[in-house]
Structures are given as structure tokens and as C-alpha cells.
Amino acid sequence: QPAFEWQAPGNAGAFRVSIYDSDFELVESSGTVQGRVWISRKPLPRGKIFNWTVSAIMDGTRVTAPRPPEPEARFRVASAEEARQMDAARKAAPASDLQIALAAARLGFRDEAREALRRLQAQNPGSPLAQQLLENFPAK
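How each quantity is defined
- Residues numbered from 1 in each chain as written.
- Predicted model: local features only at pLDDT ≥ 70, side-chain atom pairs only at ≥ 80, totals over all residues.
- Heavy atoms only, no water.
- Pairing = 2+ DSSP bridges.
- Helix = DSSP H or I, 4+ residues; strand = E, 2+ residues; numbered from the N terminus.
- Buried < 20%, exposed > 50% of the residue type's maximum accessible area, 1.4 Å probe, protein only.
- Core = buried A, V, L, I, M, F, W, Y, C linked by side-chain atoms within 4.5 Å.
- Contact = heavy atoms within 4.5 Å.
- Axes fitted to C-alpha atoms, helices over the stretch in contact; angles between N-to-C directions.
- Parallel < 35°, antiparallel > 145°, perpendicular 65-115°, else oblique.
- Left-handed = near helix turned anticlockwise from the far one by under 90°.
- Nonpolar A, V, L, I, M, F, W, Y, C, P; charged D, E, K, R; others polar.
- Phe/Tyr/Trp six-rings, centres within 6.5 Å; stacked < 30°, edge-to-face > 60°.

A. Focus on the pairing of strand β2 (residues 15–20). Summarising the sheet, β2 and strand β5 (residues 49–58) pair through 6 bridges and their orientation is antiparallel. The residue of β5 that forms the bridge with Ser 18 is Thr 53. What sits between the antiparallel neighbours β2 and strand β3 (residues 26–29) is a turn of 5 residues, in which Phe 24 has the positive phi angle 65°.

B. Seen up close, unusual backbone geometry. Pro 66 follows Ala 65 through a cis peptide bond whose omega is -5°. Here Pro 66 shows up in the loop between β6 (61–65) and β7 (74–76). The step from Pro 68 to Pro 69 runs through a cis peptide bond, and the omega angle for that step is 10°. One non-glycine residue, Phe 24, adopts positive backbone phi at about 65°. Secondary-structure assignment places Phe 24 in the loop between β2 and β3. Take Phe 24: its relative accessible area is 51%, and that puts it in the exposed class.

C. Summary view of the nonpolar core. With 17 residues, the main nonpolar core has Phe 4, Trp 6, Val 17, Ile 19, Trp 38, Trp 52 and Phe 75 as its most contacted residues. Secondary structure elements with two or more residues in this core: β2 and β5. Contact partners of Trp 38, with chain neighbours within four places excluded, come to Pro 2, Ala 3, Phe 4, Trp 6, Val 17, Ile 19, Glu 28, Ser 29, Ser 30 and Val 33. Among the nonpolar cores identified, the runner-up in size contains 15 residues, and Ala 101, Leu 107, Ala 116 and Leu 120 belong to it.

D. Quick peek at the packing of helix α3 (residues 110–123) against helix α4 (residues 128–136). Here α3 crosses α4 at 155°, and the two axes come no closer than 9 Å. In terms of their interaxial angle, α3 and α4 are classed as roughly antiparallel. Crossing of α3 over α4 shows left-handed handedness. Facing α3, whose interface residues are Arg 114, Leu 117, Arg 118, Leu 120 and Gln 121, α4 presents Ala 130, Gln 131, Leu 133 and Leu 134. Tallied by class, the residues present in the contact of α3 with α4 amount to 5 nonpolar, 2 polar and 2 charged.

E. Spatial organisation of the environment of Arg 110. Mapped onto the secondary structure, Arg 110 falls in helix α3. Between the C-alpha atoms of Arg 110 and Phe 137, which are 27 residues apart in sequence, the distance is 9.0 Å.

F. View of the packing of aromatic side chains. A full pass over the atoms with the stated rule returns 6 aromatic pairs. A centroid spacing of 6.4 Å and a plane angle of 55° characterise the contact between Trp 6 and Trp 52, whose relative ring orientation is tilted. Pair noted here: Trp 6 is in the loop between β1 (3–5) and β2 and Trp 52 is in strand β5, with a separation of 46 residues, a long-range link. Both residues of the pair, Trp 6 and Trp 52, belong to the buried class. When the centroid spacing of 5.6 Å and the interplanar angle of 25° are considered together, the rings of Phe 50 and Phe 75 count as stacked. Note that Phe 50 is positioned in strand β5 and Phe 75 in strand β7, a separation of 25 residues in sequence. Taken individually, Phe 50 and Phe 75 each receive the classification buried, so the pair is uniform in this respect. Here the aromatic residues Phe 4, Trp 6, Phe 15, Trp 38, Phe 50, Trp 52 and Phe 75 are joined through ring pairs into a cluster of three or more.

The quantities given are spatial measurements derived from coordinates; they are silent on function.
Listed below in C-alpha cells is the structure:
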């Protein structure tokens, strides 16, 4: 069940998140969300690619992001095998944030890789390598 997070101007108060499959069919919609985070209520099929949008009413007009020419907000749900491999990496080296970050990056778990690199940098504040790994990790 993916979590969605976004930034918005201060005058946007209520949001709606929509998830679409690769055929642009609506898979799930959040309803009205007051915050800037929403967690899908249902699991999405593994190994599939989805797009998502967030909409808000601002100054009486519905604004949806992303919108052309911005790139689609695309994500893929990990396959069962990828999830199994990530679980195995977490169990094999629970105390090694570097190994967890490497496994997560290899498997495409970007948020988890970035978080493991943040922990690694916090545990080694004087390490230029830990800082460099975090700074050079791709944002998207």
C-alpha cells in the first residue's frame, strides 16, 4: 500500500489523490484529504506500473499536478520476488545501513535506500563518504 506525499501552496487546504493503471483507468481515489500525505487503502497489484495525480481547489479552481509539460508521476509496485529479496537483505544485515541502501537501490526501493543513507550519514557525521553517497543518490 503506497504512501503519497506532495508539496502545495499554503492556500490549498483539501486534496484528492487519484491512482491510474497503465491504461489510465482509475484504480483508487483518496476522497478528500486535509493533509499532504495519503496512504492507499488497498494493496496494488505487484509488478505493475501506475500514475498518480493530486488535485486541490485553489481560488475556486481545481488544480491538478502533475500537468503537461511536467512528466507523469509514475511508480511501480515491487514484484513479489523483489519484495522477498529486500526482506532477505534486511534480515541478512539488519545493522548495516550501507548494505540495506545498496540492496534497496539495486531493487528500485529509492525511498528506503535514501533513508538508509540518511541513517548511515547520521551515524557517521564526520565521514565524507557517507555524505557523498547521500548527496549523489539520484533524487528520482
